[in-house]
Amino acid sequence: MHFLPLPLPGTTPARVLTIAGSDSGGGAGMQADMRTFALLGVHACAAVTAVTVQNTVGVKGFHTIPPETVAAQIDAVTSDIGIGAAKSGMLASAEIITAVAATWRTLDVPLVVDPVCASMHGDPLLPESALDALRDTLFPLATLVTPNLHEVRLLVGIDVVDGDSQRAAAKALHALGPRWALVKGGHLPASGQSPDLLYDGTEFHEFTGPRIATGDDHGAGDTLAAATTAALAHGYSVPEALTFAKRWVTECLRSAYPLGHGHGPVSPLFRLWV
Ligand code: PXL
C-alpha cells in the first residue's frame, strides 16, 4: 500500500491534534491515536478529555478533565504549533462537548468527529444526556463524522441492517450539519466485506475492504479516524483520506495481537517492517 509522505529527519512534519480520552490499557482512545500518528510520520498534539481506568477486559470507570482545561489545551497548541487537522474521540460529558465546540468556532481547522459513546464491551463513555450537545453544537462544526452502527442508532435512531438503511442513516447524519457523514459498516451482518458509506449531501461514496475476522480489534474506529486526520493534514480530500485510512486500518487489523485476558488492539507496528 502507499503511505503518507515521511518528513526528512530534522524537518517539521505535518501537525495534528487529538481531543480524546486516555486508555490505561493502551488499546484505544488517545493511545491508539498517538500510535497511529507516530507511525504515519505526523507530529501529534493531544488535548486529554478524560482518564479511563481500563484494561483489555473492560472500562472500570473514568475521571473527566475540567472543560476549561480541555479548551485551554486546544488553545495552547492551535495558537502556537499550527494544526493541519484534528480529531475528537471520547468527549465524556456535555460540558466538554460544549467547550470544544465554543473553541472550534474560533478556528479554521478540519475536524473529524468520531462520536465515541461506549467501549467495545458496552461500557458507557458518554452519558446519553450529552447526545444533544454532540448533535447540536459539535456536528455542525465537523468536517467529517464517523459513527459506528451503535452510535448511529443512538444519534439518529436508525437501525442499519442493509444498504438502504445505511444510506438513510448517512442522510440523517448529514442533516445534522457535518460537511461529510460516514456510516461505518464493520458491524453489518457478515458479508465478508466491511462497507463504509460516505455522504456529502449529494453523492454517496463507498469504501470497502475485506472483513478481517479477529477478536483483537480494540481501537479500530479510533485508528480509522486518526489515519483520516493525518491524511487531511497532508492536504488530501475527505474521500482520498478515507481511501487511505480504510487500507491502513485493514492492515492494522491484520496485524492485531492478543493482549491480556480480553480484546487485544489493532496494530500499526507492521509499518516498522515495510
Ligand atoms: O474505541 C473507542 C474508545 C475511545 N476512547 C477511549 C476508549 C475507547 C474504547 O474503549 O476507551 C478512551
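If you're wondering where the values come from, they're calculated on a predicted model, not measured in any experiment. (Residues numbered from 1 in each chain as written. Predicted model: local features only at pLDDT ≥ 70, side-chain atom pairs only at ≥ 80, totals over all residues. Heavy atoms only, no water.)

### So, the packing of aromatic side chains
Enumeration over the complete set of coordinates arrives at six aromatic pairs. With a centroid separation of 4.4 Å and an interplanar angle of 25°, the aromatic rings of Tyr-199 and Phe-204 are classed as stacked. The exposure class of Tyr-199 is buried, given its relative accessible area of 9%. Ring-pair connections join several aromatic residues into one group, and the members of that group are Phe-3, Tyr-236, Phe-244, Trp-248 and Phe-270. Between the NZ or CZ atom of Arg-271 and the centre of the ring of Phe-3, over which it lies, the distance is 3.7 Å. (Phe/Tyr/Trp six-rings, centres within 6.5 Å; stacked < 30°, edge-to-face > 60°. Buried < 20%, exposed > 50% of the residue type's maximum accessible area, 1.4 Å probe, protein only. Lys NZ or Arg CZ within 6 Å of the ring centre and 35° of its normal.)

### Some details on the confidence of the model for the chain
Averaged over the chain, the pLDDT score is 96; the fraction of residues at 70 or greater is 100%. Averaged pLDDT values for the elements of the chain fall to 96 in strand 9 (residues 204–207) and rise to 99 in strand 5 (residues 111–113). (pLDDT = per-residue confidence, 0-100. Helix = DSSP H or I, 4+ residues; strand = E, 2+ residues; numbered from the N terminus.)

### Considering the layout of surface pockets
Considering only enclosed or pocket space, the largest pocket measures out at about 980 Å³ in volume. Around the largest pocket, the lining is made up of 45 residues, and of these Asn-148, His-187, Asp-217, Ala-220 and Gly-221 lie nearest the centre. If you list the elements that add at least two residues to the lining of the largest pocket, you get strand 1 (15–23), strand 2 (43–54), helix 5 (149–156), helix 7 (220–233) and helix 8 (238–254). Across the lining of the largest pocket, the residue classes tally to 16 nonpolar, 20 polar and nine charged. (1 Å grid on protein atoms, 1.4 Å probe; cavity = no way out; pocket = protein on both sides within 12 Å on 5 of 7 lines; lining within 4 Å. Points joined across faces, edges and corners; volume = space filled by probe spheres on them. Nonpolar A, V, L, I, M, F, W, Y, C, P; charged D, E, K, R; others polar.)

### A closer look at the nonpolar core
Counting residues in each nonpolar core, the largest one holds 48 residues, and the members touching the most others are Leu-17, Ile-19, Leu-134 and Leu-138. A per-element tally of this core places helix 3 (residues 94–104) first, with five residues. Setting aside its immediate chain neighbours within four residues, Leu-134 contacts Leu-91, Ile-97, Pro-115, Leu-126, Phe-139 and Leu-155. (Core = buried A, V, L, I, M, F, W, Y, C linked by side-chain atoms within 4.5 Å. Contact = heavy atoms within 4.5 Å.)

### Regarding a nonpolar patch on the surface
A cluster of nonpolar side chains, Leu-269, Leu-272, Trp-273 and Val-274, forms an exposed patch at the surface whose accessible area comes to about 510 Å². Within the secondary structure, Leu-269 is located in the segment after helix 8. Accessibility expressed as a relative area gives 36% for Leu-269, which makes it partly exposed. (Patch = residues over 30% accessible without salt bridge, like charges linked within 9 Å, V, L, I, M, F, W, Y side chains within 5 Å. Areas by Shrake-Rupley, 256 points an atom, 1.4 Å probe, with all protein chains shown as cover. Salt bridge = Lys/Arg side-chain N within 4 Å of Asp/Glu carboxyl O.)

### Digging into the sheet that holds strand 6 (residues 144–145)
Judged by pairing direction, the sheet is mixed, and its nine strands sit side by side in the order 3-2-1-4-5-6-7-8-9 without closing on themselves. The open sheet has two free edges, formed respectively by strand 3 (59–64) and strand 9, since each of these has just one partner strand. In this sheet, strand 5 lies alongside strand 4 (residues 85–88) in parallel orientation, the contact comprising three bridges. Bridge assignment links Ser-88 to a residue of strand 5, and that residue is Val-113. Together, strand 1, strand 2 and strand 4 form the strand contacts of helix 1 (residues 29–40), whose direction differs from that of strand 1 by roughly 150°. (Pairing = 2+ DSSP bridges. Axes fitted to C-alpha atoms, helices over the stretch in contact; angles between N-to-C directions.)

### Brief notes about the environment of Gly-41
Tracing the backbone shows Gly-41 in the loop between helix 1 and strand 2. Gly-41 sits 114 residues away from Leu-155 along the chain, and the two C-alpha atoms are 33 Å apart. Not counting residues within four places of it along the chain, the set of residues in contact with Gly-41 comprises Leu-6, Pro-7 and Pro-13.

### Topic: the site of the ligand
The local shell around the ligand consists of Gly-21, Ala-28, Gly-29, Thr-52, Gln-54, Met-90, Val-116, Ser-119, Leu-125, His-218 and Asp-222. A distance of 2.5 Å separates an oxygen atom of the ligand from a polar side-chain atom of Gln-54. Most atoms of the ligand, that is more than half of them, are within 2 Å of grid points of the largest pocket. Classifying every residue of the shell around the ligand gives four nonpolar, six polar and one charged. (Near = heavy atom within 4 Å. Polar contact = N/O pair within 3.5 Å; in protein donor to acceptor, adjacent residues only side chain to side chain. Sits in = over half its atoms within 2 Å of the grid points.)

### A few points about the pairing of strand 2
Bridge count between strand 1 and strand 2: nine bridges; the pairing is parallel. Paired with Ser-22 across the two strands is Val-51, which belongs to strand 2. Handedness of the strand 1-helix 1-strand 2 crossover: right-handed. As paired strands, strand 2 and strand 3 are joined by five bridges and run antiparallel to one another. Bridging across to strand 3, Val-51 finds its partner in His-63. Here strand 2 hands over to strand 3 after four residues, the two strands then running antiparallel side by side. (Right-handed = clockwise from strand over helix to strand, strands pointing away.)

### Examining the pattern of salt bridges
All chains considered together, the criterion is met by seven salt bridges. Here Lys-87 makes a salt bridge to Asp-33, at a shortest N to O gap of 2.8 Å. In this pair, Lys-87 sits in strand 4 while Asp-33 sits in helix 1, placing the two residues 54 residues apart along the sequence. The class of Asp-33 is buried, set by a relative accessible area of 0%.

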